Amino acid sequence: MKKLTLLILLLFTLSAWSVNCDGYTAWTSGGQSANAYRTYAGSLYQNNSGSNGWDGAGDNPSVNGDWTLIGVCSNDPAVTTQNSSAITTTTMTFNGTVTNNSGFAITDRGFIYGTNQADVEASEIGTLVGSSTNVSEGGTSVSTYSKSMSGLCPGITYYIMAYATNSEGSGYEGSSISATTSTPGTFTTVQDGAFSSADTWGGCSAPDLTLGHTINIGHTLTSSGFILTEGTDVVITTGGTLTNTGTVTLGGSGGITSLTVDAGGTLSTANITYNNTSTFTTNGTTTITGTLTISSSGTFNTSGTTTIGTVTNGSGDFNQTSGTTTITSSYDCAKDCDFDQSGGAMDVTGDFKV
């Protein structure tokens, strides 16, 4: 059973929802104003022709081409949904109004929400569709009400639909209002899995690497390639492991990016390269099976246990402060590159060119 406001009725004139008919005039003979709403035999109709809508066809709007059936009248509460407010990366406040209790006391009011608009609008209390969720606000008055929500996902669009319940049933807005959480935000893994899996991030979509998020990896993850842009910061925290079969690319338009492996964290990747001013710092265990290519604006810092196939330093910064670095092939330092070893040990199997 759905309660539609006048605005929504205009958009859903072919749908026969259950509607609250309080305040609408009954069908009578004589002129009817264009776009008017009238009730007849327990149903609500709207004039859709712009004419007065009266042609004497049995005095019945259901057989009159000037009128469209909107819905069957019910005693469900009438509600509307307002725009969400106080939006952050993971929180927002849902807002709604109970406009009429249809003569029966309100027992509950709240919202149905989710990330799929069609599922939200097809949902009812007790019959939620897809991943839609309902949340009770707890109030019982005919008034405006709000519900503060937390634990949402950054940069995600949610669809929200108000509802209210009385002893006769539940009334709904009939359509939803969308709101998108802010970016950038912070993502933290909740379980092992693929970086691209929503389950890895507790149901949120995998973080977009171009929006400047802070991404904390504290579990065992797999991936096939990383391109970090727009100020994105990735941290492999203690106990976290990232196994990447492709290339990690640092930097791009929009801001300095960073990749950090904390002490106790592990990174394994085929290659690392820089596209812009960015920093890679490893205090844990890092294995680069292919090539580390440091551009002129890139910085590589190591103080942990690092194994690299080949280093190509194109006038960037390579800094070792402690730990052990093993280069299984060669180190090629181009003109104006910066190599600084203030501590630790380095073993280069092949050539070391400066």
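Values in this document were obtained by computation on a predicted structure and should not be read as measured data.

As enumerated under the stated definition, the model contains three disulfides in all. Two residues share a disulfide in this structure: Cys333 and Cys337, whose sulfurs sit 1.2 Å from each other. Along the protein chain, the cysteines that take part in disulfide bonds pair up as 1-2, 3-4, 5-6, counted in sequence order.

This part takes up the packing of aromatic side chains. For the structure on display, the rule yields 16 aromatic pairs. On the basis of an interplanar angle of 35 degrees and a centroid distance of 5.8 Å, the ring pair of Tyr24 and Tyr37 is categorised as tilted. Taken together, the positions of Tyr24 in the loop between β1 (17-20) and β2 (25-26) and Tyr37 in strand β3 (residues 37-40) put the pair 13 residues apart, joining distant regions of the chain. Centre to centre, the rings of Tyr113 and Tyr158 are 6.4 Å apart; their planes meet at 55 degrees, and the pair counts as tilted. Separated by 45 residues along the polypeptide, Tyr113 in strand β8 (residues 106-114) and Tyr158 in strand β11 (residues 157-166) bring together distant segments of the chain. Of the residues examined, Tyr113 reaches a relative accessible area of 14% and is grouped as buried.

The next point concerns the sheet that holds strand β6 (residues 78-85). The strand order across the open sheet built from three strands is β6-β7-β10, with neighbouring strands paired in antiparallel fashion. Taken across any chain shown, the strands that pair with only one partner, and hence form the sheet edges, are β6 and β10 (144-149). Averaged over all pairs of adjacent strands, the angle between their axes in this sheet comes to 20 degrees, without regard to strand direction. Of the strand pairs in this sheet, strand β7 (residues 92-100) and β10 are connected by six bridges, and their pairing is antiparallel. Across the sheet, Met92 pairs through a bridge with Met149, a residue of β10.

All told, the structure shown has one cavity of 30 Å³ or more when counted by the stated rule. Around the largest cavity, the lining residues are Phe226, Leu228, Val234, Leu242, Val248 and Leu259. At the level of elements, β18 (226-228) and β20 (241-250) are the ones that each hand at least two residues to the lining of the largest cavity. Among the residues forming the lining of the largest cavity, the class breakdown is six nonpolar, no polar and no charged.

Ile217, Ile272, Phe280 and Leu292 are the most contacted members of the largest nonpolar core, which has 50 residues in total. Residue contributions to this core peak at four residues, all from β11. Beyond its immediate chain neighbours, meaning those up to four positions away, Ile217 contacts Thr189, Phe195, Trp201, Val234, Val235, Ile236, Thr237, Gly240, Thr241 and Leu242.

Here we take up the pairing of strand β19 (residues 233-236). When a strand is regular, its side chains alternate between the sheet's two faces. Sheet topology places strand β16 (residues 214-217) next to β19; four bridges connect them, and they run parallel. If you follow Thr214 over to β19, its bridge partner there is Asp233. Sheet topology note: the β19/strand β21 (residues 257-261) ladder contains four bridges and is parallel. From the neighbouring strand, Val234 faces β21, where its bridge partner is Leu259.

How each quantity is defined
- Residues numbered from 1 in each chain as written.
- Predicted model: local features only at pLDDT ≥ 70, side-chain atom pairs only at ≥ 80, totals over all residues.
- Heavy atoms only, no water.
- Disulfide = S-S within 2.5 Å.
- Phe/Tyr/Trp six-rings, centres within 6.5 Å; stacked < 30°, edge-to-face > 60°.
- Helix = DSSP H or I, 4+ residues; strand = E, 2+ residues; numbered from the N terminus.
- Buried < 20%, exposed > 50% of the residue type's maximum accessible area, 1.4 Å probe, protein only.
- Pairing = 2+ DSSP bridges.
- Axes fitted to C-alpha atoms, helices over the stretch in contact; angles between N-to-C directions.
- 1 Å grid on protein atoms, 1.4 Å probe; cavity = no way out; pocket = protein on both sides within 12 Å on 5 of 7 lines; lining within 4 Å.
- Points joined across faces, edges and corners; volume = space filled by probe spheres on them.
- Nonpolar A, V, L, I, M, F, W, Y, C, P; charged D, E, K, R; others polar.
- Core = buried A, V, L, I, M, F, W, Y, C linked by side-chain atoms within 4.5 Å.
- Contact = heavy atoms within 4.5 Å.

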